[in-house]
Amino acid sequence: MSGQATVAGTWVSRVPHGGSLAEVRVVRPMLMGRGSLFGGRLRGVATLDGEGWTIPEAELTVGGWGEGFVDRRHPHTYFHELMLAGVERIGGPEGAVQVSLSAGKGFVAFGSDDPMNRVAFRYPVNHHWSQILERAVLIGGIAAGPVMAEGSLFNGDEPEEPGQWPNMERFGDSWAARLTLLPARGLEVAGSYAKVHSPEHRDGAGLDDYKVHAMARWEGMAAGHPLYAMAEWARVEEGDGAFVYHTFLAEGAYELGPTRLYYQFERTERPEEERVLDTKWRTIRPHLDNSTLGTTRWTINTLGAGREVRPRGWPIQARPFLEASYARATKVGDGVFDPEVWYKGTDFWSLSAGVTIAVGRHALDHRMGRYGVAEATDTRQGEHTGEMHE
Amino acid sequence: MRKRYWAGTIGVIRLGVVAACSSDEGPGANRTVSIESGNDQFAVVGSELAPLVVRVVDANDTPETGVDVAWSVVSGGGSITPATSTTDAAGLASATFTLGSTVGTQEARASVPGADGSPVTFSETGLASAPAQMTKLSGDRQAGPVGAELPLPLVVQIRDEFGAALEGVDVSWNVVTGGGNLSSATTTSDATGLAKVFLTLGSSAGGQDVTASVDGLPGSPVTFHATARAPFAILGGGNNVPERYTSDLWVHGDYAYTGTWGFRSASGNAVKIWHLSAGGTPTLVDSIVTAGIGTVSDIEVSSDGSLLVFSAENGSGAGLFLYSLADPANPAFIDSVHVGSGLHTAAFGYIGGKRYIFAAKNPGSPALIIYEIDPLAAQPIDPVDTLPVAANYGLHDTFVRDGLAFLCAWNSGVLIYDVGNGVNGGSPTNPQLVSSVQTSGGQVHNAWWFHSPSGEKKYLFVGEEGPGTIGGSSDGDIHIVDVSNLNAPVEVGSYHLSGAGTHNFWVDEARQILYAAYYNGGVVALDISGTLSGSIVLREIARIMPGGSGNTFVWGVMLANGDVYASDMLSGLWQLKAP
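Model, not experiment: these values are computed from the prediction. (Residues numbered from 1 in each chain as written. Chains lettered and ligands numbered in written order. Predicted model: local features only at pLDDT ≥ 70, side-chain atom pairs only at ≥ 80, totals over all residues. Heavy atoms only, no water.)

**Student:** What is the right way to look at the overall build of chain B in this model?
**Tutor:** Counting secondary structure elements, chain B contains zero helices and 49 strands. Computed over the C-alpha atoms, the radius of gyration of chain B is 36 Å, more than 25% above the 25 Å expected from 2.2 N^0.38 for a compact globule of 579 residues. Buried positions account for 57% of the 579 residues belonging to chain B. For chain B, restricting intrachain contacts to residue pairs at least 6 apart in sequence, the fraction spanning at least 24 positions comes to 53%. Total accessible area computed for chain B in this model is approximately 20,800 Å², and 50% of it derives from carbon and sulfur atoms. Once the 25 positive and 52 negative side-chain charges of chain B are each reduced to a mean point, those two points are 5 Å apart. (Helix = DSSP H or I, 4+ residues; strand = E, 2+ residues; numbered from the N terminus. Rg over C-alpha atoms; globule rule 2.2 N^0.38 Å. Buried < 20%, exposed > 50% of the residue type's maximum accessible area, 1.4 Å probe, protein only. Contact = heavy atoms within 4.5 Å. Areas by Shrake-Rupley, 256 points an atom, 1.4 Å probe, with all protein chains shown as cover. Lys, Arg positive; Asp, Glu negative; His and termini not counted. Charge placed at Lys NZ, Arg CZ, Asp CG, Glu CD.)

**Student:** Would you take a moment to explain the overall build of chain A for this structure?
**Tutor:** Each helix and strand counted, chain A has four helices and 19 strands in total. Compactness check: chain A gives a C-alpha radius of gyration of 20 Å against a globular reference of 21 Å for 390 residues, within 12% of the reference. For the C-alpha atoms alone, the extent of chain A along its principal axes is close to 60 × 50 × 35 Å. Going through the 390 residues of chain A one by one, you find that 58% of them count as buried.

**Student:** Can you walk me through the environment of Phe-505 of chain B in this structure?
**Tutor:** All names here are of chain B. When you line up the elements, Phe-505 lands in strand S42 (residues 505-508). Judged by its relative accessible area of 7%, Phe-505 is buried. For Phe-505 and Lys-272, which are 233 residues apart along the polypeptide, the C-alpha to C-alpha distance reads 21 Å. In this structure Phe-505 touches Asn-446, Ala-447, Trp-448, Phe-461, Val-462, Gly-463, Ile-478, Leu-514, Tyr-515, Ala-516 and Val-557, once residues within four positions along its chain are discounted.

**Student:** Sorry, what's going on with the packing of aromatic side chains here?
**Tutor:** For any pair of aromatic rings, geometry is given as the distance between the ring centres together with the angle between the planes. All names here are of chain A. This structure, assessed with the given rule, holds 30 aromatic pairs over all chains. With centroids separated by 6.1 Å and ring planes inclined at 50°, the aromatic side chains of Phe-337 and Trp-342 adopt a geometry described as tilted. For the residue pair Phe-337 and Trp-342, the accessibility class agrees, reading buried in each case. Residue placement shows Lys-105 over the ring face of Trp-165; its charged tip is 5.1 Å from the ring centre. (Phe/Tyr/Trp six-rings, centres within 6.5 Å; stacked < 30°, edge-to-face > 60°. Lys NZ or Arg CZ within 6 Å of the ring centre and 35° of its normal.)

**Student:** In this structure, what is going on with the sheet that holds strand S15 (residues 186-188) of chain B? I would like to understand it.
**Tutor:** Sheets are built from strands paired through backbone hydrogen bonds, the pairs being either parallel or antiparallel. All names here are of chain B. The strand order across the open sheet built from five strands is S11-S19-S18-S13-S15, with neighbouring strands paired in mixed fashion. With partners counted over all chains shown, the strands left at the sheet margins are strand S11 (142-145) and S15, one partner each. Ignoring strand direction, the axes of neighbouring strands in this sheet form an average angle of 30°. In the sheet, S11 pairs with strand S19 (residues 222-229) via four bridges, with the strands oriented parallel. By the bridge assignment for S19, Pro-145 is matched with Arg-229. (Pairing = 2+ DSSP bridges. Axes fitted to C-alpha atoms, helices over the stretch in contact; angles between N-to-C directions.)

**Student:** Please explain the nonpolar core as it appears in this structure.
**Tutor:** General note: in soluble globular proteins, nonpolar side chains tend to be found buried as a group. Counting 82 residues, the largest nonpolar core has Phe-232, Tyr-257, Leu-460, Phe-461, Ile-478, Leu-514 and Tyr-515 of chain B as the members making the most contacts within it. Discounting residues that sit within four places of it in the chain, Leu-460 of chain B has contacts with Phe-406, Val-414, Ala-447, Trp-448, Trp-449, His-479, Ile-480, Val-481 and Val-483 of chain B. With 31 residues, the next largest nonpolar core counts Tyr-245 of chain A together with Tyr-245, Trp-261 and Ile-470 of chain B among its residues. (Core = buried A, V, L, I, M, F, W, Y, C linked by side-chain atoms within 4.5 Å.)

**Student:** Teacher, can you tell me more about the interface of chain A and chain B here?
**Tutor:** Between chain A and chain B, the residue contacts involve 29 residues of the former and 33 residues of the latter. Carbon and sulfur atoms supply 60% of the area buried between chain A and chain B, which totals about 2,300 Å² over both sides. A per-residue breakdown of the area chain A buries against chain B is headed by Leu-277, Leu-288 and Val-336 of chain A, which together make up 28% of the total. For the pair chain A and chain B, the interface holds zero salt bridges. At the boundary of chain A with chain B, the tally comes to ten residue pairs in polar contact (both at pLDDT 80 or more). (Buried area = accessible area lost by both parts, 1.4 Å probe. Salt bridge = Lys/Arg side-chain N within 4 Å of Asp/Glu carboxyl O. Polar contact = N/O pair within 3.5 Å; in protein donor to acceptor, adjacent residues only side chain to side chain.)

**Student:** What is the right way to look at the pattern of salt bridges in this model?
**Tutor:** If the charged atoms of two oppositely charged side chains come close together, the side chains can form a pair. Residues and elements named next belong to chain A. Here the structure, examined in full by the defined rule, presents 38 salt bridges over all chains. Its salt-bridge partner being Glu-375, residue Arg-43 comes within 3.7 Å of it at the nearest N-O pair. Taken as a pair, Arg-43 in strand S3 (residues 42-49) and Glu-375 in helix H4 (residues 373-385) lie far apart in primary sequence, 332 residues in all. Of the residues examined, Arg-43 reaches a relative accessible area of 19% and is grouped as buried.

**Student:** Explanation requested: the sheet that holds strand S30 (residues 354-361) of chain B in the structure shown.
**Tutor:** Residues and elements named next belong to chain B. In space, the four strands of this open sheet follow the order S29-S30-S31-S32, with antiparallel pairing throughout. Strands at the two margins of the open sheet, each flanked by one partner only, are strand S29 (345-351) and strand S32 (381-388). The sheet shows a mean angle of 25° between the axes of neighbouring strands, direction not considered. Examined bridge by bridge, strand S31 (residues 367-373) and S32 share seven bridges and lie antiparallel to one another. Directly across from Ala-367, in S32, lies its bridge partner Pro-388.

**Student:** Would you take a moment to explain the environment of Ile-288 of chain B for this structure?
**Tutor:** All names here are of chain B. By the secondary structure assignment, Ile-288 is in strand S24 (residues 283-289). Residue Ile-288 is classed as buried on the basis of its relative accessible area, which comes to 8%. Sequence separation between Ile-288 and Ala-270 is 18 residues, and the spatial gap between their C-alpha atoms is 5.4 Å. The contact partners of Ile-288, leaving out residues within four places of it in the chain, are Asn-269, Ala-270, Val-271, Ile-273, Leu-308, Tyr-323 and Pro-331.

**Student:** Could you clarify how one ought to interpret the pairing of strand S13 (residues 170-177) of chain B in this entry?
**Tutor:** Both faces of the sheet carry side chains from a regular strand, because those side chains alternate between them. All names here are of chain B. Across three bridges, S13 lies against S15 in antiparallel orientation. Counted as the bridge partner of Asp-170 is Thr-188 from S15. In this sheet, strand S18 (residues 206-213) lies alongside S13 in antiparallel orientation, the contact comprising five bridges. What sits directly across from Asn-174, in S18, is Thr-211.

**Student:** Where do I start with the environment of Arg-185 of chain A in this structure?
**Tutor:** Residue and element names in this part refer to chain A. Note on placement: Arg-185 falls in the loop between strand S10 (174-184) and strand S11 (187-196). Using a relative accessible area of 58% as the deciding quantity, one classes Arg-185 as exposed. Separated by 36 residues in the primary sequence, Arg-185 and Ala-149 have C-alpha atoms spaced 18 Å apart.

**Student:** Where do I start with unusual backbone geometry in this structure?
**Tutor:** The phi angle of most residues is negative, glycine excepted, and most peptide bonds adopt the trans form. Here the residue pair Thr-81 of chain B and Pro-82 of chain B is connected by a cis peptide bond, since its omega of -5° sits within 30 degrees of zero. By the secondary structure assignment, Pro-82 of chain B is in the loop between strand S5 (79-81) and strand S6 (84-86). In this chain, Asn-362 of chain B is followed by Pro-363 of chain B through a cis amide linkage whose omega measures -5°. With respect to the helices and strands, Pro-363 of chain B occurs in the loop between S30 and S31. Even without being glycine, Phe-38 of chain A reaches a positive phi, approximately 55°. For Tyr-393 of chain B, which is not a glycine, the phi torsion comes out positive at approximately 65°. Within the secondary structure layout, Tyr-393 of chain B lies in the loop between S32 and strand S33 (397-401).

**Student:** Got a minute to help me understand the side chain of Asn-446 of chain B in this structure?
**Tutor:** Residue and element names in this part refer to chain B. In this structure, Asn-446 sits in strand S37 (residues 444-449). Here His-503 takes part through its backbone oxygen, which lies 3.1 Å from a polar atom of the side chain of Asn-446. Those residues in contact with Asn-446, other than ones at most four positions away along the chain, are Asp-397, Cys-408, Phe-461, Val-462, Gly-463, His-503, Asn-504 and Phe-505.

**Student:** I would appreciate a short explanation of the side chain of His-287 of chain A in the present structure.
**Tutor:** Structurally, His-287 of chain A is set in the loop between strand S15 (259-272) and strand S16 (291-292). A polar contact is formed between the side chain of His-287 of chain A and the side chain of Glu-273 of chain A, at a distance of 3.5 Å. Excluding residues that lie within four positions of it along the chain, His-287 of chain A makes contacts with Glu-200 and Glu-273 of chain A together with Tyr-393 of chain B.

**Student:** How should I be thinking about the confidence of the model for chain A in this particular structure?
**Tutor:** Note that predicted coordinates carrying low pLDDT should not be read in detail. Per-residue pLDDT for chain A averages 92, and the proportion of residues at 70 or more is 96%. The low-confidence segment residues 379-390 of chain A (pLDDT under 50) makes 25 contacts with residues lying over four places distant or belonging to another chain. (pLDDT = per-residue confidence, 0-100.)

See the structure below:
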């Protein structure tokens, strides 16, 4: 068992209709449980997320959007993960091929790791391009040497509120495949493809997404200190080409003892939708139709530093951090949405400061969303790289 | 009609008897076969000839009895029976030859193995029969500028019952509608059966029909359709609502009422009131600004001009609003009802002497909500029934006519309800489903049930609203549904405009012209006269982008006072001269 929560204050220099805004919130309050039976052949993971209580109106985030929120990062559902996985090694304990079947509610085997436990505090704009989360999902996986393949069946609908479960009537209307290569110790290269039916309309009348994602991730040592680097690219096509969005993100972290320095670059396009009159932070859900107001491209540089603190005599870890982002929003293509008009400007500063408190051994280094053979591969990679987060 | 098709039409080739030499020394040696009768006959193709007869004699010229003669058809496609016949005591054998459908020479053969002269060939002549069919060969569905000659002739082909082309048949041509001129009132079919004429379009834009006829001929007359094109012209208006995006419109008398949408530099919470003049340039005279709404989603004036109704969505005050137009320049508030998540559209329906509003609630438990409207009642907007609609992007618009409500329910298609027509016992308080139809592409947004000047109520035009970017791009076709059988509507045609999608329609039923708002495609005028099937792209009469490229995104269009009014989300209200 483990748990974590972050108390953070965020100030953003520019919000809808102009002006700045600062908020202090408790975010990512989570309880995580892991267990296994039969010598690790049956594994379970559960992640309970309390953001529905702590940030029901979401978290102030430059460029953030998804699940009906905009310029804010949405709260996760209460049951963020609830997965069971059966893992078997073909040919006995020394067999070279490992297979798995995972089922439950959680992440689809697609894209990159959930940002919740990556280096930057600010959620990237590309969260919904690079991850497919909180679905009823069935994942089959096979790993042989440096190659791993996963295929997923799931429901296309995204959750609309923290208490909502996947629409089981739609289970199987969407699918994804991910191929991962592990060519060298600490290096991971993956490519994913997904067809997601009507993610934005729960009853299934919305447009389909066709998603392509590629990433490379490396963990190792540089000059005697742990180094992490990841780069990803994705393309999402909606409505048979009516809308196409791209993202590129690169991030890295360097640890000097308990201190971690990190940087993230992101350039991501997002749809602009009609907003609810009374809040400005919400888009009309469900949508009235399949139109948008336009597309914006967010270019964001984020620099941060954190430090591991283990209070003597306390079974907890604390990670205070300070993070700054500079962003520019530009209009892409046609449409009535103009960031210059909506925000009274196109450049944004964001400052966040806070502390993450964690209990449990794997609270801060858990690569969320990896099940079955992917979890086993992650463990193997961790062993290779020297458990940099421990 | 001059019936010249019997004479001078066939080049007759007389081959006569072909006698082949034989060196056979078998059983028939020294035997001779020759034509006795039946050669060189003339008859209408397909008819039975007089018997073909051959005579078989021995070397002494004595008739041979009991000799088998084999019969076969050489050319022309006819038939001959029996395949084999036997000579009688006179040495004669015969067969019956029925001509095939080929006009001209047709041949049959009689063979006696080993006999001199065998085989012998009968050469007959098939004559053209009477005209049996006239088909439209080419020239239909052309379009051109008013007053211009169409580039291709209108062509029919005359054939007989066997499909053979007939020359010399007189075909009469008549302009039925549109006032155009023909190059000739009568033309005669040529050797290939073709008769043709050129049409110069009339001076009015729209559909023009020409008939080709041959007296007494089955299938006659055939109708050719042409579309005369003429441009729109801008009379005035435009760029007159700079602070808001414009939404729907309605025109009654000398006033127009336009809604507003979303957020530009101000919210879409206003109804603009315009004074109109025949010369153009609508003049803004007043605005109704309503707190707590983000979009005026639909707007309509009652048929008697006494009431203004608009629906609103996006905001805590969204719902339905009713105003008196006793002073059309200054509407007076009567009543409103709040509807959570708002109303997408509201349409008047007049049933049993009462006035109703059919309102589309979408999204959030989408439904048709029916209100009785009586400004003098204690509750002027009185809900009388609610009809749930599948949550499939719900209900977008409703077209009400003759007691039928056509519900435009996105991917659920068009749902036809009896709300007072009587066809299924429905009423406004108890709508009864008649049928439904799913048009190709789904995303059904709006509809118009077209009543032609002749009283025909055959076609329902259905708008498809595909994915788009407001202010920039759009997608979606107009679909044509045949509702002549209300219980089994079927899609029969469509109109596609590349690079743009349709929104609201208006139909000039007297002129049979459909005006469609086409977002970034502007305003399109379509000829919807006559029979519609397949693509009607060539029926496009005119198209205009009133605000110009990059400044055009037309939401609605309406014909009133002889002019076409268009509400453009980007460039406001326009007054256009109809084609």
